[in-house]
Amino acid sequence: MAAAKESKKQHAKGKKGIISFFRDERFRLSVGSFILISALFLTLAFVSYFFTWKTDQSFEWEKIISNPDIRVENWAGKTGAWLSSLFINKWFGIAAFSVPFILILTGFRMIRVNLAPFGRTLRITVTGSILLSLSLGYLFGEAGGFLGSGPGGAHGYFIAEWLNAFIGKTGTAFLLFALIFSFVLFSVKNSTFLFKRAFDKLRFRKREQFLSEEKEVSAESSKEDSAETSGKAVIEEDPFEIETRTEPDVNKDVYAEDDNEEEEEAGIKLLVKEKQADEKSLPDDMINSHQVEDYDPTLDLPSFKFPPINLLEPYKSTDNAVSKEELINNKNRIVETLANYKIQIDKITATIGPTVTLYEIVPAPGIRISKIKNLEDDIALSLSALGIRIIAPIPGRGTIGIEVPNQNPEIVSMRSVISSVKFQDAKYDLPIVLGKTISNETYVVDLTRMPHLLIAGATGQGKSVGLNAILTSLLYKKHPAQLKFVLIDPKKVELTVYSKIECHYLAKLPDTDDAIITDTQKVIHTLQSLTIEMDERYNLLKEAHVRNIKEYNAKFIARRLNPEKGHRYLPYIVVIIDEFADLIMTAGREIETPLARLAQLARAIGIHLVIATQRPTTNIITGVIKANFPSRIAFRVTSMMDSRTILDTPGANQLIGRGDMLITSGSEMIRLQCAFIDTPEIDRITEYIGSQRGYATAHQLPEYVGDVSPESAEVDLRKRDDIFDGAARLVVQHQQGSTSLIQRKFSIGYNRAGRIIDQLEAAGIVGPFEGSKARQVLIQDEYSLEQLLREMDN
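One numbering rule holds for all chains: residues counted from 1, following each sequence as written. Given that this is a predicted model, residues contribute local features only at a pLDDT of at least 70 and side-chain atom pairs are listed and counted only at 80 or more, while totals for whole chains, interfaces and linings are drawn from all residues. Only heavy atoms go into the side-chain values, all of them from the structure, while hydrogens and water stay out.

Colleague: Can you break down helix α7 (residues 153-187) residue by residue, with the values?
Modeller: To qualify as a helix, a DSSP run of H or I must reach at least 4 residues; to qualify as a strand, a run of E must reach at least 2; elements of each kind are numbered from the N terminus. Any helix carries an expected span of 1.5 Å times its number of residues minus one. Over its 35 residues, α7 runs only 24 Å from end to end, short of the ideal 51 Å by more than 12%, given 1.5 Å per residue. One axis fitted to the seven residues ending at a residue, another fitted to the seven starting there: the angle between these axes is the bend at that residue. In the structure, α7 departs most strongly from a straight axis at isoleucine 167, where the bend amounts to approximately 110°. Between buried and exposed lies partly exposed: a residue is buried under 20% and exposed over 50% of the maximum accessible area for its type, with that area taken using a 1.4 Å probe on protein chains only. Of all the positions in α7, only Gly153, Ala154, Gly156, Tyr157, Ala160, Leu163, Asn164, Thr172, Leu176 and Ser187 are classed as buried. The contact rule is simple, with two residues in contact once any of their heavy atoms fall within 4.5 Å. Those residues of α7 hidden inside the fold are in contact with α4 (77-92) and α6 (118-140).

Colleague: If you had to explain the packing of helix α20 (residues 520-544) against helix α22 (residues 580-587) to someone new, which residues and values would you point to?
Modeller: Angles here are taken between N-to-C directions and fall from 0 to 180 degrees, while the axes themselves are lines fitted to C-alpha atoms, restricted in helices to the stretch in contact. Direction vectors running N to C along α20 and α22 enclose 95°, while the axes themselves pass 10 Å from each other. When the interaxial angle is binned, α20 and α22 end up roughly perpendicular. Contacts from Thr520, Val523 and Ile524 of α20 reach α22 at Leu583, Thr586 and Ala587. Note on terminology: angles under 35 degrees are roughly parallel, angles over 145 are roughly antiparallel, angles of 65 to 115 are roughly perpendicular, and the others are oblique.

Colleague: Let's hear about the sheet that holds strand β7 (residues 453-456): which residues, and what values?
Modeller: By way of backbone hydrogen bonds, the strands of a sheet pair with one another, either parallel or antiparallel. The 9 strands are arranged β6-β5-β14-β13-β12-β7-β11-β10-β8 in an open sheet whose pairing can be described as mixed. The open sheet has two edge strands with one neighbour each: β6 (442-446) and β8 (483-488). Taking each pair of neighbouring strands and ignoring which way they run, the sheet shows an average axis angle of 25°. Paired strands, in this sense, are two strands between which DSSP finds at least two bridges. Of the strand pairs in this sheet, strand β13 (residues 660-665) and strand β14 (residues 668-674) are connected by 6 bridges, and their pairing is antiparallel.

Colleague: Outline a nonpolar patch on the surface, supporting the account with residue identities and numerical values.
Modeller: Residues with no salt bridge and a relative accessible area higher than 30% make up the patches, which join like charges within 9 Å and nonpolar side chains (Val, Leu, Ile, Met, Phe, Trp, Tyr) within 5 Å. Shrake-Rupley sampling with a 1.4 Å probe provides the accessible areas, and residues are treated as covered by the protein chains on show and by no other component. When a carboxyl oxygen of Asp or Glu is within 4 Å of a side-chain nitrogen of Lys or Arg, the pair counts as a salt bridge. Residues Trp162, Phe166, Ile167, Leu175 and Leu179 make up a contiguous nonpolar surface patch of about 510 Å² in total accessible area. By the secondary structure assignment, leucine 179 is in helix α7.

Colleague: Lay out the packing of aromatic side chains in plain terms, naming residues and giving numbers.
Modeller: Stacked, edge-to-face and tilted are the three classes for Phe, Tyr and Trp ring pairs, Trp counted by its six-membered ring, which pair at centre distances within 6.5 Å; planes under 30 degrees apart are stacked, over 60 edge-to-face, the rest tilted. If you walk through the whole model with that rule in mind, you get 12 aromatic pairs. The interplanar angle of 50° and the centroid separation of 6.4 Å between the aromatic rings of tyrosine 295 and tyrosine 569 together place this pair among those described as tilted. Of the two residues, tyrosine 295 sits in the loop between α12 (284-289) and α13 (324-340) while tyrosine 569 sits in the loop between α21 (549-557) and β10 (572-577), which places them 274 residues apart along the sequence. Taking the relative accessible area as the measure of exposure, tyrosine 295 reaches 23% and is therefore partly exposed. Under the relative-accessibility criterion, tyrosine 569 is labelled buried at 17%. By the ring-pair criterion, three or more aromatic residues cluster together here, those being Phe304, Phe306, Phe485 and Tyr505. Directly above the aromatic system of phenylalanine 423 lies the positively charged group of lysine 477, at a separation of 5.5 Å from the ring centroid. The criterion for a charge sitting over a ring is simple: Lys NZ or Arg CZ within 6 Å of the ring centre, and within 35 degrees of the ring normal.

Colleague: If you had to explain the pattern of salt bridges to someone new, which residues and values would you point to?
Modeller: Under the criterion given, the structure shown has 18 salt bridges. Two residues, aspartate 446 and arginine 449, come together in a salt bridge whose shortest N-O distance is 3.7 Å. According to the relative accessible area criterion, arginine 449 is exposed, its value standing at 57%. Salt bridges sharing partners connect three or more residues here, namely Arg389, Glu403, Asp660 and Arg671.

Colleague: Give me the nonpolar core: which residues, what numbers.
Modeller: Nonpolar side chains tend toward joint burial in soluble globular proteins. One finds Leu434 and Phe485 to be the most contacted residues of the largest nonpolar core, which totals 107 residues. Ranked by the residues each element gives to this core, the list is headed by α20, at 8 residues. Non-local contacts of leucine 434, meaning those with residues more than four positions away in its chain, are made with Tyr443, Val445, Ile470, Ile633, Met661, Ile663, Leu672, Gln673, Cys674 and Ala675. Judged by nonpolar contacts, the second largest core, of 21 residues, contains Ile742, Ile748, Val766 and Leu789. Put simply, buried Ala, Val, Leu, Ile, Met, Phe, Trp, Tyr and Cys residues joined by side-chain atoms within 4.5 Å make one nonpolar core.

Colleague: Mind laying out the sheet that holds strand β3 (residues 389-394), listing which residues take part and the relevant values?
Modeller: Pairing is antiparallel across the open sheet formed by 4 strands, whose spatial order is β1-β2-β4-β3. Two strands lie at the open edges of the sheet, namely β1 (345-352) and β3, each paired on one side alone. Between one strand axis and the next, the sheet turns by 20° as a mean value, whatever way the strands run. Where β1 lies against strand β2 (residues 356-363), 7 bridges are found, and the strand directions are antiparallel. Across the sheet, the residue bridging to threonine 349 is glutamate 360, located in β2. Across the sheet, α13 is in contact with β1, β2 and β4 (399-405); its angle to β2 comes to roughly 40°.

In structure tokens form, the structure reads like this:
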């Protein structure tokens, strides 16, 4: 039994060794490099075949291989001549170039560089090669012996000949057309929509031509009539023009510079109206049985394009790499300093980062960790460096880390992290990329899982750059229909550059001029408005029987929620507050109370807070704030006390500044170099987005009305609004005294809706103002309301 167990152990160990060998990065790199070189060799042989095929085809391959004296003309030698003849002449013809292309994809995938989705690209390439070979064989045949068997190769030629004999040349042509059309449908994204749009555009133009011809005929006939009759014809012609003048004509006058795009949109709208008119004549069961496509919120701005990566600067630095000499000197000094205090180490390794190098040491048995921790200042003195930080121990590794700043720190550009595979392939709801870790890995995190972020640091240490990195990450990933920003900037200069994207990404209070909020009173109103939005969203979630915004939007996109019942697509809202300390000093509890409420409850309904301050003192970052902000970023601070306030531990006071930061989310703490983005880059991004067509206005937050004075509360019920009765019935029916409800249902402005609410309060239908809560409805049923309305009319 023991021998059998030992044999099984040896077998498992051997199997594990084989698996680990194939998973080894060196194995992948070696195989990937070999495949890439093979691809280049095949490409060289194939290209050469176009010039040397006549000469090389004159030899017999058995003699070529057996006789070393026979020379071939192919640039890749006998092997290249044989492979190119096999793939191009005997098989696929020109389509054989897909073979080195597939090898290139495979080689790069082996070394973990994804040029394109591998499975999809492989299927498209193989299918396309077969169709191309067959099409060339059908069109050109042997083509007089070009390339041996013609441009389609022997494969394409013989299959085309077989099809010609079986279904005729015309049948083969139809079959090829059907196959190529199907190939395009399955290969090109949104191809069905593109074909439909082209067809609809053609239909629309024919309709427009028909209408214009009818107008010409009617105009000619009107000239033949008398003056009196012609006057009548003009009067009768006007309503005809209003009926038949489709939306494209209006758009041509207003948006002459974008007429092509407007024609397409108008044509689609016209066809939708026709379809709706047709559906009215159908039975209800036929309409219900028709499957409706999912709702796409991005179709509000269908032509919106994300900013290209070339708007960002690369900031490449070639001379700043850590030299081997610097690593050896630092290692020797660390070992020497520890030896002076009789601390022996068994092993030391270095991990080079953009601004900091991490030296991991394994102390000899019996050495106390606290003894090494107390030598922080001595090691800093021996290395003549600032910002030495000792991590004792490193979680999950069983080593002690000593972080030493590099002599020549590198700049981590925003372009390098935005273009990284990790960020581009991120499937997060709100992905943000902050910079690079000590091991030079791009650090990407989901803001929805944080779910709120607190940023602190001394002046000039990188807070504003960090905020810009967060904003830029989201602008490169989320469509304006999916995300809105509330930007609060008491300093009035940090976030004003984003005012250009007001009609795309920003949210603000109704009847306010600037989307970037700088006034303290408006900040209070905005936060209170966000609490109203939060309550309204929770009501929508309750009615939809879901728990969070992701489930709600999924239901709405699947058209399982009725917009006529108040349901709507909910975009994420990210609130950015720069210089939070100034707001607390000027407004205090008026700011802290709604902010704490949002931090406690707003996560599930898609409102997330990012707060930055340069004064991380306890009277600014209170216990209430800290308790609801588990994710925190600390740039360099001046004292250990400030570091403890923001991170609950020292460390931020030992950073080197200029974007060096610590991020904590619970128990884990990571040191990062924040990605750098300069103001001109942000200008280019906002200019690019702002130049595109956006919404008519910024996203409207719910109105918030502060305390009303007794003089302004006096309302004359004899001068009631025209829609007073309808608004009263709406409020009683929904049992919700909300100005936004009246504003949305009757499509009226904020001021008029506010006056109607005041009239409803004076009439005793709704209760008084209660801060962020909706007003209480005092009448419970419509019968009582109708009696009250009749009394008011009398």
